Amino acid sequence: MLPWSSAPVPPVAGSAPPLRLFDTSTGELRPTAPGATARMYVCGITPYDATHLGHAATYLAFDLVNRVWRDGGHDVHYVQNVTDIDEPLLERAIRDHDDWVVLGMRETALFREDMEALRVLPPRHFIGAVEAIPEIAELVGKLLASGAAYRLDDPEFPDVYFDISATREFGYESGYDTETMLRLSGERGGDPERPGKRNPLDALLWRMAREGEPAWDSDLGRGRPGWHVECTAIALNRLGTQIDVQGGGSDLSFPHHEFGAAHAEALTGVHPFARHYCHAGMIGLDGEKMSKSRGNLVFVSRLRADGVDPMAIRLALLSGHWRSDRIWEPSMLAEAEARLAAWREATALDSGPDASDTVARLRTHLADDLDTPNAIAAVDAWAAEARERRGRDAEAPGVIRAAVDALLGVAL
Ligand code: ZN
């Protein structure tokens, strides 16, 4: 798939400290240590509905990872998928008497527009599951051949499952106990109740064709891939193993990222698949997590259609810490609009206080597990002084504008 287009990232003078991020698998805040090319995979949308603020917050968090690495002189190889074939998409298409292909294309197009408006830097590879089916089927074939996967003894639907005992480390990514894993598996698309599996947690790799469902020919038989292995194939084939960051929302930690890691490790024999597993917090509304099932979604496209400046949406979402679950309040948008106006006024002045300390603080806070509340406060302090006409550095407004653009992704 074509990704969206990118706004140029201005250079910022000076050097950046290494980025530290919280890693779910070790429960520690640790430095990332990418090579010349940093490698990041972030799980993409299932395109059956428009981008809501929870999605946007997740992609903004990993956009900051991308920006901080670039600022540190790294090339960033960023890959994102689109789950353009999966149960929720098919169910929505049936409910709305829509064609699942058309629905997926329409919502993916809207997602691209939202990402571009929010100035999220595009992935180098933006890959739909449908276009990746041959490589996914090939990977499942290898897992079967190695004994890490098995066919269910079901004469009608001999689906292929991953055996969780194929790696010794299964469970390390989320750190959950078996009881929690079983519960989350049932809640998040797994089928722990299905008879005939070696272990109730074993995850679907290849679903044989059912009447009325889309299916593709492969050496495994006509069918379609499971969700987790889709990401494994897309990531491994473009980024290799031991990638720097595997990212997504916190609801992907289990089962999705646990199985993504286990599939990759069973195939390659290399542990861990990712050096950091990073999970963004959820955005709630009226005291509850924003989710399709609750119907309490605030869509980015709706806010844009109402005339809200996407930079205010971006700033509002960045005003909270990326890992914390937080509640969306309309007052956050009003506050972000006021901040945006103040920053724009300050950076439009012909001079201001020296910018070097502010830029250094901005970098230090972002490098510290993307501490955006304090990074924003540093810019607030500079803007307040500039508007009081303190400081006579003619270069400073331009330096701050470039740093806010490059590091926070906010165009002033
Ligand atoms: Zn994924």
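Each remark here, short or long, concerns the structure printed above.
Treat the numbers as computed from the prediction; the structure is a model and nothing was measured.

What follows deals with the sheet that holds strand E13 (residues 288-289). Read across the open sheet, the three strands follow the order E13-E12-E14; overall the sheet is mixed. At either end of the open sheet lies a strand with only one pairing partner, and these are E13 and strand E14 (326-328). In this sheet, E14 lies alongside strand E12 (residues 283-285) in parallel orientation, the contact comprising three bridges. Bridge pairing in E14 links isoleucine 283 to arginine 326.

For the rest of this paragraph, the subject is the environment of histidine 276. Assignment of secondary structure puts histidine 276 in strand E11 (residues 274-280). Classification of histidine 276 as buried rests on a relative accessible area of 2%. When the C-alpha positions of histidine 276 and threonine 32 are compared, they lie 7.6 Å apart, and in sequence the two are 244 residues distant. A distance of 3.2 Å separates a polar atom in the side chain of histidine 276 from the backbone oxygen of leucine 21.

Attention now goes to the pairing of strand E2 (residues 28-31). With four bridges connecting them, strand E1 (residues 20-23) and E2 associate as antiparallel partners. Residue pairing across strands places aspartate 23 opposite glutamate 28, the latter belonging to E2. In sequence, E1 turns back onto E2 through a hairpin of four residues, with glycine 27 there showing a positive phi of about 70 degrees.

For the rest of this paragraph, the subject is the packing of helix H11 (residues 356-367) against helix H12 (residues 372-387). Two elements in contact, H11 and H12, have axes separated by 8 Å at closest approach and are oriented at 170 degrees. The pairing of H11 with H12 is recorded here as roughly antiparallel in orientation. Contact residues: H11 offers Thr358, Arg361, Leu362, His365 and Leu366, while H12 offers Thr372, Asn374, Ala375, Ala378, Val379 and Trp382. For the contact of H11 with H12, the per-class residue count stands at six nonpolar, four polar and one charged.

Cut-offs and rules
Residues numbered from 1 in each chain as written. Predicted model: local features only at pLDDT ≥ 70, side-chain atom pairs only at ≥ 80, totals over all residues. Heavy atoms only, no water. Pairing = 2+ DSSP bridges. Helix = DSSP H or I, 4+ residues; strand = E, 2+ residues; numbered from the N terminus. Buried < 20%, exposed > 50% of the residue type's maximum accessible area, 1.4 Å probe, protein only. Polar contact = N/O pair within 3.5 Å; in protein donor to acceptor, adjacent residues only side chain to side chain. Axes fitted to C-alpha atoms, helices over the stretch in contact; angles between N-to-C directions. Parallel < 35°, antiparallel > 145°, perpendicular 65-115°, else oblique. Contact = heavy atoms within 4.5 Å. Nonpolar A, V, L, I, M, F, W, Y, C, P; charged D, E, K, R; others polar.

Scope: geometric values only; no functional claims are made or implied.
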